[in-house]
Amino acid sequence: MKNVKKQIVGQDVQSSKKTEAPFFSALVKYTERRADSFHCPGHSGGQAFLKAPVGAKFREFFGENLLRADICNAVEEMGQLLDHTGAAYEAEANAARIFGADHLFFVTNGTSTSNKIVWHSQVGPNDIVVVDRNCHKSNLHAIMMTGATPVFLMPTRNHHGIIGPIPASEFAPETIRAKIAMHPFIKNKRRKPRIFTLTQSTYDGVLYNTTRLKHLLDGHIDALHFDEAWLPHASFHPIYNDMHAIGGERMRESLVFSTQSTHKTLAGLSQASQVLVMESLRKKLNRVLFNEAYLMHTSTSPQYSIIASCDVSAAMMDDGRGQVIVEDALKEAFAFRGELRESGLPFSAWEPPRLQETTPNELSQHAWLLHPNEPWHGFGAVEPGFNMLDPLKVTILNPGLEMDGSFSHEGIPAQIVTKYLCENGVIVEKCGLYSFFIMFTIGITRERWQTLLQKLGQFSRDYKANAKIASVMPEFALKHAQYAETGLKDLCQAIHETYKAHDVARMTTEMYTSPLVPAMKPSDAFAKMAHEEIDRIAIDDLEGCTTAVMLTPYPPGIPLLVPGEVINASIVRYLKFARAFNQHFPGFETDVHGLVKENGEYAVDCVREKRSRRSPNMAARTRRARALQYS
Ligand SMILES: *Cc1c(COP(=O)(O)O)cnc(C)c1O
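Residues numbered from 1 in each chain as written. Predicted model: local features only at pLDDT ≥ 70, side-chain atom pairs only at ≥ 80, totals over all residues. Heavy atoms only, no water.

With that out of the way, let us pick up the packing of aromatic side chains. Throughout the structure, instances matching the rule amount to 32 aromatic pairs. Ring geometry for F171 and F196: centres 5.9 Å apart, planes at 75°, overall edge-to-face. Taken together, the positions of F171 in the loop between β3 (149–153) and α7 (173–182) and F196 in strand β4 (residues 195–199) put the pair 25 residues apart, joining distant regions of the chain. Accessibility assignment for this pair places F171 and F196 in one class, buried. (Phe/Tyr/Trp six-rings, centres within 6.5 Å; stacked < 30°, edge-to-face > 60°. Helix = DSSP H or I, 4+ residues; strand = E, 2+ residues; numbered from the N terminus. Buried < 20%, exposed > 50% of the residue type's maximum accessible area, 1.4 Å probe, protein only.)

Now for the pairing of strand β6 (residues 223–227). With five of five residues buried, β6 lies mostly within the body of the structure. The alternating pattern of β6 places A223, H225 and D227 on one face and L224 and F226 on the opposite face, and all of these are buried. Across five bridges, the pairing between β6 and strand β7 (residues 255–261) is parallel. Within β7, the position partnered with L224 by the bridge is V256. (Pairing = 2+ DSSP bridges.)

Attention now goes to the side chain of N139. Within the secondary structure, N139 sits in helix α6 (residues 137–146). Classification of N139 as buried rests on a relative accessible area of 0%. Look past the residues within four positions of N139 in its chain and what remains in contact with it is N115, W119, T197, H225 and D227. (Contact = heavy atoms within 4.5 Å.)

Turning our attention to the sheet that holds strand β14 (residues 534–538). Here we have three strands laid out as an open sheet, ordered β14-β18-β17, and antiparallel in their pairing. At either end of the open sheet lies a strand with only one pairing partner, and these are β14 and β17 (595–598). On average, each strand axis in the sheet is tilted by 45° relative to the strand beside it, whichever way the strands run. As defined by bridge partners, β17 adjoins strand β18 (residues 601–607) across four bridges and the pair is classed as antiparallel. Residue V596 lies in a different strand from β18, and its bridge partner there is A603. (Axes fitted to C-alpha atoms, helices over the stretch in contact; angles between N-to-C directions.)

Residues in contact with the ligand, as listed here, are G110, T111, S112, N115, H136, T199, D227, A229, W230, S261, H263 and K264. Within the side chain of D227, an N or O atom sits 2.7 Å from a nitrogen atom of the ligand. Here an oxygen atom of the ligand sits 2.9 Å away from a polar atom, N or O, in the side chain of K264. Against a free-state accessible area of 380 Å², the protein chains account for coverage of 85% of the ligand. (Near = heavy atom within 4 Å. Polar contact = N/O pair within 3.5 Å; in protein donor to acceptor, adjacent residues only side chain to side chain. Areas by Shrake-Rupley, 256 points an atom, 1.4 Å probe, with all protein chains shown as cover.)

Before going further, it helps to examine the domain arrangement of the chain. Partitioning the chain into domains gives domain 1 (5–37 + 72–321), domain 2 (322–487) and domain 3 (514–628). Computed over C-alpha atoms only, the centres of domain 1 and domain 2 are separated by 30 Å. With 42 residues of domain 1 at the interface, the matching set in domain 2 holds 46 residues. Here domain 1 packs against domain 2, burying approximately 3500 Å² in sum over the two surfaces, 62% of which is carbon and sulfur. Here domain 1 and domain 2 share one salt bridge between them. The shortest N-O distance in the salt bridge between D204 and K430 comes to 3.0 Å. The interface formed by domain 1 and domain 2 contains 22 residue pairs in polar contact (both at pLDDT 80 or more). At three residues, the largest contribution of residues to the side of domain 1 that touches domain 2 is made by strand β5 (residues 206–208). (Domains from an automatic or database assignment. Buried area = accessible area lost by both parts, 1.4 Å probe. Salt bridge = Lys/Arg side-chain N within 4 Å of Asp/Glu carboxyl O.)

Given below as structure tokens:
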């Protein structure tokens, strides 16, 4: 019999007994007992794999334990993740205590799913929602799924393509009310927004002071959701005080949610994620209602090794170990940054210059704050004390582009560096025009970052010698023979000059900060795709059309347009550039998700224009679109 009764009303965090990693322990115990099982999964503890050589190879590679521990949720002694009972519940309660949350739920399909769960638990059709414009696409998917009407907050951007903070003034309730007042589809202007979603730690590592934000927004928006996919480590080190969602003073009115990818910076297996909740003085979480949304997005066959990794990731940080573990990672990041500064290489870390001048206390938050109008960040008059850079996210700047968007004579586009590194066994996290970024997780080792430095040194030498692509990037040269005899430096320069000729840094900054006008709700535009009421429109005809798809250029992988928005001139200009660039430099293609290549033409699926509104110009455009689609 299960000895923990079904907990619905509140996770009684205090009373959870301190078994280390209760779910993992139960799983080990069950697996070691080798019970005869007649339940799914059908591989039956790995037995099925023995029926064919390729299966046996699989079994040998992954090991017997992984397969024997892969059990179905009918096993009573593991409890039920979906009802939050038994060992599964104990593990969640234990993690809630460790992370300082009132409630915590493990999620097996990443923070992509955690975000949708939070949203579906709070938001219904036509609700007003306030969303960071540069949020992860899962939040935009949630907008489409719930039928909400979004009001966006616009972040700053510098010309390196680094996304800066949303200015503090954007969060003021009166600014938000003004946006609602101006919104074309919101009828009842006085309705309170249901949810506020902010990317806490932007892709480039900029954090917000959550204490200030919570005070500013408490009671003005029902739920405050911080997408902390990159920030689960922040609860454990004082350098992040006031810079993460859970903890601190309780709000009077608003519920606070945090969604975290345990697999991104802690020790979770891929897809390991968690939802954390902090109740307010007036509002408790209704676990029954919340769980309906949880069930909507959770498989009825959760992968227990992922859940065990959530459990263990939390337990690892218990009893003060978290601070030591995070501090170790921080120190590795500081050491890397220091050595890069001293290296004389043409690369530099994006960081406050005060780190170079004196002997700063790198472990104090103060060293990492963004001050107003500092040239290094290029975000202008940021509010003092409102933002910091997470030292663990290291953006490496390449020569070629100044922070004001002007190009230097010589340049090293980041795409070439990252391709070079990749051929040499170093994979980076993200690549921009003249920057790329690496993450110092709790798993980083000195050898790992020293290898990176060494490879960057090797790149610089090959660059100076203008070594032939065939000799320094042989795999790439094999696939793209046209570059084989080109020198590394010459190739860098050719791409650099193309970027320069098109003023591409300003072009992309303008595109991302250009006014984006909604023509319909995102969910309505998305429905047009399901009903196939769309036309595939070629780039040259796109201006003024309403996109049915999300349009996302890689790099940086931040959605540019949401379904239902009008494609403006600066976006068309960028797409034309991407098309020309891709023709000139095969192998270095700018990938734009949502842009489809068909019969040699690039096109975007757009909402079909109404007949009555169709101008002669529009009719021609549609004819061309049809031809494109069916030829
Ligand atoms: C990665 C990421 C997600 C999605 O997380 P997964 O665990 O990969 O599903 C959500 N939000 C942000 C800000 C992210 O960076």
